[in-house]
Amino acid sequence: MSGTWANEIEPEYVPYYSGYGDYDMSHTGDPRQDLEYERQYASSYIVPEVIKNFLLYFQKYINQQDLPEIQNSYENGFNKLTDRFFKTSAWPEAESVIPIVGNDKRFLILYKELYYRHVYARVSGGPTLQQRFDSYYNYCNLFNYILNAEGPVPLELPDQWLWDIIDEFIYQFQAFSIFRHKSINKKTENEIEVLRTNPKIWNVHSVLNVLHSLVEKSNINKQLEVYTSGGDPDSVAGEFGRHSLYKMLGYFSLVGLLRLHSLLGDYYQALKVLENIDFNKKSLYSRVPACQITTFYYVGFAYMMMRRYQDAIRTLSNILLYIQRTKTMFQSRAQLYDQISKMNDKMYTLLSICLVLYPMRIDESVHSHLREKYQDKMNRMQKGEMQEFEASFAFACPKFLSPVPPNYDLTGAQTQFKEPFQLQLLVFKDEVEQQIQIPTIRSYLKLYTTLPISKLAAFMDMSDDELCTHLMCFKHKMKNLVWSKGTSGLEGEFQSASEVDFYIDKDMIHIADTKVARRYGDFFIRQFHKFDEIMRSLKAT
Amino acid sequence: MAEAMRATVASLLKGIDRYNPENLPTLERYVDMQAKDNTYDLEANLAVLKLYQFNPSLYQTGVTAMILLKALTNLPHSDFILCKCLIETHRLTEELVSKVLRLAHFLETANFQQFWVSLMDDPDLLIGIIGFEDSIRKFAGKYFCLYIASTPTSKCSAKDKLRQLLGNISDTQTSQWISKYGWTEQLDGYVFITSQDENIKTKNITEKISFDSVAAIMAAGR
């Protein structure tokens, strides 16, 4: 394979840290920014004693491969010190850390991973263009280290961290794609020039290549296949895939691909990459809650877009139930808790959209939360208010992005970055508009067991012919492909399990309703457990 | 031939190679082949659209329209939506593509009469696509049944109605379709489709309490 395309994504990403070609980026040409840069640089020379100690221990744990301590430093130590010292400012730069930890390349890469992630998340003003580039190179170095080694690298990291690496890698790619499209007018000429001359940085091919390489290196697909059929995944894992680092990175990369494809509007590929994951079953891979939640969110969203409402509803209510039950576990970790709450709201919104379009019975406790918080919105959507559909979609959808750089010469176009969102919204709206009469028809059908066509036509204020068209549309839209077995989420069979179904005999509509008896038992069981818990905590105090 | 091509294409789409624009000519030829041979490969077609998305300069309206039309032949699957989500907004308003979008809208809303009318207006659209109309008729049959069941009036029989909905085909052809669907013509002008009493019934969902959940309470109450 030859040509520029192949060069763009060859696995040798960049040489080990050797500057960025012709551009000396430490001076931006903007005096104010330069001053800021220098000030930041100068102040970072003084590293507080606590930080020094933390870094030294952190380094020691990583080099000793003391997993519990690494986890502790990663999840508690780093975050506590962040809250104390670096709430809105950056951690000390890697250069200032070298005197403390020595030239430990691997540790510095891992440190910088945390450093830039913190810059993205907490530092006011967000990352500069330089930092975006540097962070990209740092990820390249990290993945080069892991992927280009002759044998498996002697490194293990907590699952949570590995997930965060993949998650953040895609997040920063997403942030960069939006950044380069956003308000081109506001960027300095210099910045645009830098963007224009570095098209390979945060390029979609590179990102895809990293994820595909991790998937291949770990043999994760084969491993999952064997795992689902009850075998020992290690038997097919190969030299690399047997190691936890590769195995987990491979698995998380699949979820990463799910997300990336969804962001590009490719829902088929999104579900396809997961075809070996049986996510209806708990597995040893599902120990990272954030990963679970991300998986279900994107799967649920893809199903909704594909008009597979029943699958979307099942997927979303499963994970919402899971969050409901485990939420208290995350309360001590503020950032994660915020993240999960946000996803929680988004998924309830998606669920409410799906249930308006496809009413069906769901878990009682998820349903009661929905009734409490989303009843108004659902009522408005039921009445056919497009605005509400639009607002709910905009709130709950992922941040879609364009895989190609913008036309930097087109300074007039301010809204280029919204384009991918507009497209998905358009597709969604077209679909909803096609269905907009269905809730009304359904509400009439619900009142009867038999109903003459002419009577319903009169209710709907349309001709018999028109009504028949709408009834056919009703049938068409309510017949969903539904997953029934196997691991592939794309497979399924046509079903219609919505609340109301009907058939026509001559000029009479015969309606079959679904009647759900109230669930008293469930309620009492819940209360039992609640009281039991109260009693136990009372006794304990 | 078609099977061999399908296998070749599948190997082109493995892993990262799926995004290699050098494969595009082969894939585009494959789209053409699907149209001529009346075969269908959604995954390959989506790969073409994805390559257009990654390389906008290589975009071809004709191929895109062909892919969209082929997606319609696979109704009631939602392939059309999957394709639409990968095409840039401003491309959707281009004449050729927007015509296909209009056809899709009629089909998605089960407005078959309008569908055939606008297809008549644009017979060129289907040049090179074998079996398109029959695929649509097959899809339509699934939902027509509702319509047929209710149409006979003194003015026209169900069969006439069906004839119209299938795109004004001849009387014998209509009879052929009726037997293809597995329906039967009745003397009174109705078309007997199937007995729905068995399939569509009022469901009563009553609560079932599992042994495990009761056992858990009993254990707690000790």
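None of these values were measured; they are calculated from a predicted model.

1. A closer look at the overall build of chain A
Step number 1: For chain A, the count of helices and strands is 24 helices and six strands.
Step number 2: The proportion of buried residues among the 541 residues of chain A is 54%.
Step number 3: Taking the contacts inside chain A whose residues are at least 6 apart along the sequence as the reference set, 73% of them involve residues at least 24 apart.

2. A few points about empty space enclosed by the protein
Over the atoms a probe the size of a water molecule is rolled, and this reveals where empty space is left.
All names here are of chain B.
Step number 1: For the structure on display, the rule yields five cavities of 30 Å³ or more.
Step number 2: There is about 70 Å³ of room inside the largest cavity.
Step number 3: Tallying contributions element by element places helix α3 (residues 42-54) first for the lining of the largest cavity, with three residues.
Step number 4: Along the lines of polarity and charge, the residues of the lining of the largest cavity split into six nonpolar, one polar and two charged.

3. A short note on the pattern of salt bridges
A side chain of one charge can pair with a side chain of the opposite charge if their charged atoms are brought near each other.
Step number 1: Throughout the structure, instances matching the rule amount to 22 salt bridges over all chains.
Step number 2: Between D311 of chain A and R308 of chain A there is a salt bridge, with its nearest N and O atoms 2.9 Å apart.
Step number 3: On the basis of relative accessible area, D311 of chain A is assigned to the buried category, the value being 0%.
Step number 4: In this structure, the salt-bridge partner of D122 of chain B is K99 of chain B, at a minimum N-O distance of 3.2 Å. Taken as a pair, D122 of chain B in the loop between α8 (112-121) and α9 (132-150) and K99 of chain B in helix α7 (residues 95-108) lie far apart in primary sequence, 23 residues in all.
Step number 5: Judged by relative accessible area, K99 of chain B falls into the partly exposed class, the value being 25%.
Step number 6: One network of salt bridges, with partners in common, ties together R307, E431 and K477 of chain A together with E108 of chain B.

4. Things to note about the domain arrangement of chain A
Residue and element names in this part refer to chain A.
Step number 1: Its domain assignment divides chain A into domain 1 (1-124), domain 2 (127-432) and domain 3 (437-520).
Step number 2: Look at where the C-alpha atoms of domain 2 and domain 3 centre, and you get two points 34 Å apart.
Step number 3: Taken together, the 27 residues of domain 2 in the interface contact 22 residues of domain 3.
Step number 4: Counting the contacts that link domain 2 with domain 3 gives one salt bridge.
Step number 5: Residue K477 is joined to E431 by a salt bridge in which the shortest nitrogen-to-oxygen separation is 2.9 Å.

5. Some details on the packing of helix α5 (residues 94-101) of chain A against helix α6 (residues 105-121) of chain A
Residue and element names in this part refer to chain A.
Step number 1: Running from N to C, α5 and α6 cross one another at 140°; their axes reach a closest spacing of 11 Å. By the angle class used here, α5 and α6 are oblique. Helix-helix and strand crossings are classified by hand; for α5 and α6 the assignment is right-handed. Side by side, α5 and α6 meet where A94, V97, I98 and V101 of the first sit next to F107, L108, Y111 and K112 of the second.
Step number 2: Looking at the contact of α5 with α6 residue by residue, the classes come out as seven nonpolar, no polar and one charged.

6. Points about the nonpolar core
Inside soluble globular proteins, nonpolar side chains tend to come together where they are buried.
Step number 1: Ranked by internal contacts, the top residues of the largest apolar core, which has 222 residues, are W161, M304 and L445 of chain A together with L72 of chain B.
Step number 2: In this view, W161 of chain A contacts F58, I62, I70, Y74, L110, E113, L114 and R117 of chain A; residues no more than four positions away in its chain are not counted.

7. Structural notes on the packing of aromatic side chains
Step number 1: As enumerated under the stated definition, the model contains 29 aromatic pairs over all chains in all.
Step number 2: Ring geometry for Y348 of chain A and Y374 of chain A: centres 5.9 Å apart, planes at 15°, overall stacked. Of this pair, Y348 of chain A sits in helix α17 (residues 334-357) while Y374 of chain A is found in helix α18 (residues 364-382), placing the two residues 26 residues apart along the sequence. Each member of the pair, Y348 of chain A together with Y374 of chain A, is buried.
Step number 3: Site record: aromatic cluster; members linked through ring pairs are Y267, F301, F389, F393, F400, F421 and F428 of chain A.
Step number 4: The lysine or arginine in question, R132 of chain A, covers the ring of F179 of chain A, its NZ or CZ lying 3.9 Å from the ring centre.
Step number 5: Directly above the aromatic system of Y59 of chain B lies the positively charged group of R91 of chain B, at a separation of 3.9 Å from the ring centroid.

8. With respect to the packing of helix α8 (residues 159-181) of chain A against helix α10 (residues 204-218) of chain A
All names here are of chain A.
Step number 1: At a closest axis distance of 11 Å, the pairing of α8 and α10 adopts a crossing angle of 165°. In this view, α8 runs roughly antiparallel relative to α10, as classed from their interaxial angle. For the element pair α8 and α10, the recorded crossing hand is left-handed. On α10, the residues that touch I166, F169, I170 and F173 of α8 are V204, V207, V210, L211 and L214.
Step number 2: Considering only residue class, the contact of α8 with α10 consists of nine nonpolar, no polar and no charged.

9. Re the environment of H243 of chain A
Step number 1: Looking at where H243 of chain A falls in the secondary structure, it is placed in the loop between α12 (234-241) and α13 (244-263).
Step number 2: Along the primary structure H243 of chain A and H261 of chain A are separated by 18 residues, whereas in three dimensions their C-alpha atoms are 27 Å apart.

10. Focus: a positive patch on the surface
Step number 1: Among the surface-exposed residues, K182, K342, K399 and K418 of chain A lie close enough to one another that they form a single positively charged patch.
Step number 2: Residue position: K342 of chain A is located in helix α17.

11. Some words on the sheet that holds strand β1 (residues 450-452) of chain A
Residues and elements named next belong to chain A.
Step number 1: Overall, antiparallel pairing links the three strands, which are arranged β1-β5-β4 in an open sheet. Only two strands of the sheet have a single neighbouring strand rather than two, namely β1 and β4 (501-505). The sheet shows a mean angle of 25° between the axes of neighbouring strands, taken without regard to direction.
Step number 2: Relative to strand β5 (residues 508-512), β4 is paired through five bridges, and the arrangement is antiparallel. What sits directly across from D501, in β5, is A512.
Step number 3: Along the sheet face, helix α22 (residues 453-460) touches β1, β4 and β5 and points at about 75° away from the line of β1.

12. So, the confidence of the model for chain A
All names here are of chain A.
Step number 1: On average, residues of chain A carry a pLDDT of 78, and 86% of them reach 70 or more.
Step number 2: Averaged pLDDT values over the elements of chain A bottom out at 40 in helix α1 (residues 4-9) and peak at 91 in helix α19 (residues 386-396).
Step number 3: Segment residues 1-29 is flagged for pLDDT under 50; beyond a separation of four residues in sequence, or across chains, it makes 59 contacts in the model.

13. Let's talk about the confidence of the model for chain B
Residue and element names in this part refer to chain B.
Step number 1: Across chain B, the average pLDDT comes to 78, with 81% of residues at or above 70.
Step number 2: Element-level pLDDT for chain B is lowest in strand β2 (residues 191-192), with a mean of 66, against a maximum mean of 91 in helix α5 (residues 79-84).
Step number 3: Ignoring residues within four places in sequence, the model shows residues 152-156, a span with pLDDT below 50, making five contacts including any to other chains.
Step number 4: Reported confidences for the modelled complex are a pTM of 0.83 and an ipTM of 0.82.

14. Some words on the side chain of T295 of chain A
Step number 1: Looking at the secondary structure, you find T295 of chain A in helix α15 (residues 289-305).
Step number 2: Apart from residues no more than four positions distant in its own chain, T295 of chain A is found in contact with V255, L258 and L274 of chain A.

15. Remarks on the pairing of β4 of chain A
Step number 1: Counting buried positions along β4 of chain A gives four out of five residues, so the element sits mostly inside the fold.
Step number 2: Where β4 of chain A folds back onto β5 of chain A in an antiparallel hairpin, the turn is made up of two residues, including K506 of chain A, whose phi is positive at roughly 55°.

16. Some thoughts on the side chain of N45 of chain B
Residue and element names in this part refer to chain B.
Step number 1: Tracing the chain through its elements places N45 in helix α3.
Step number 2: Accessibility expressed as a relative area gives 1% for N45, which makes it buried.
Step number 3: For N45, the side chain forms a polar contact with the side chain of Q34, separated by 2.9 Å.
Step number 4: Those residues in contact with N45 that lie beyond four places of it in its chain are V31, Q34, Y40, I67 and K70.

Cut-offs used in this document
- Residues numbered from 1 in each chain as written.
- Chains lettered and ligands numbered in written order.
- Predicted model: local features only at pLDDT ≥ 70, side-chain atom pairs only at ≥ 80, totals over all residues.
- Heavy atoms only, no water.
- Helix = DSSP H or I, 4+ residues; strand = E, 2+ residues; numbered from the N terminus.
- Buried < 20%, exposed > 50% of the residue type's maximum accessible area, 1.4 Å probe, protein only.
- Contact = heavy atoms within 4.5 Å.
- 1 Å grid on protein atoms, 1.4 Å probe; cavity = no way out; pocket = protein on both sides within 12 Å on 5 of 7 lines; lining within 4 Å.
- Points joined across faces, edges and corners; volume = space filled by probe spheres on them.
- Nonpolar A, V, L, I, M, F, W, Y, C, P; charged D, E, K, R; others polar.
- Salt bridge = Lys/Arg side-chain N within 4 Å of Asp/Glu carboxyl O.
- Domains from an automatic or database assignment.
- Axes fitted to C-alpha atoms, helices over the stretch in contact; angles between N-to-C directions.
- Parallel < 35°, antiparallel > 145°, perpendicular 65-115°, else oblique.
- Left-handed = near helix turned anticlockwise from the far one by under 90°.
- Core = buried A, V, L, I, M, F, W, Y, C linked by side-chain atoms within 4.5 Å.
- Phe/Tyr/Trp six-rings, centres within 6.5 Å; stacked < 30°, edge-to-face > 60°.
- Lys NZ or Arg CZ within 6 Å of the ring centre and 35° of its normal.
- Patch = residues over 30% accessible without salt bridge, like charges linked within 9 Å, V, L, I, M, F, W, Y side chains within 5 Å.
- Areas by Shrake-Rupley, 256 points an atom, 1.4 Å probe, with all protein chains shown as cover.
- Lys, Arg positive; Asp, Glu negative; His and termini not counted.
- Charge placed at Lys NZ, Arg CZ, Asp CG, Glu CD.
- Pairing = 2+ DSSP bridges.
- pLDDT = per-residue confidence, 0-100.
- Polar contact = N/O pair within 3.5 Å; in protein donor to acceptor, adjacent residues only side chain to side chain.

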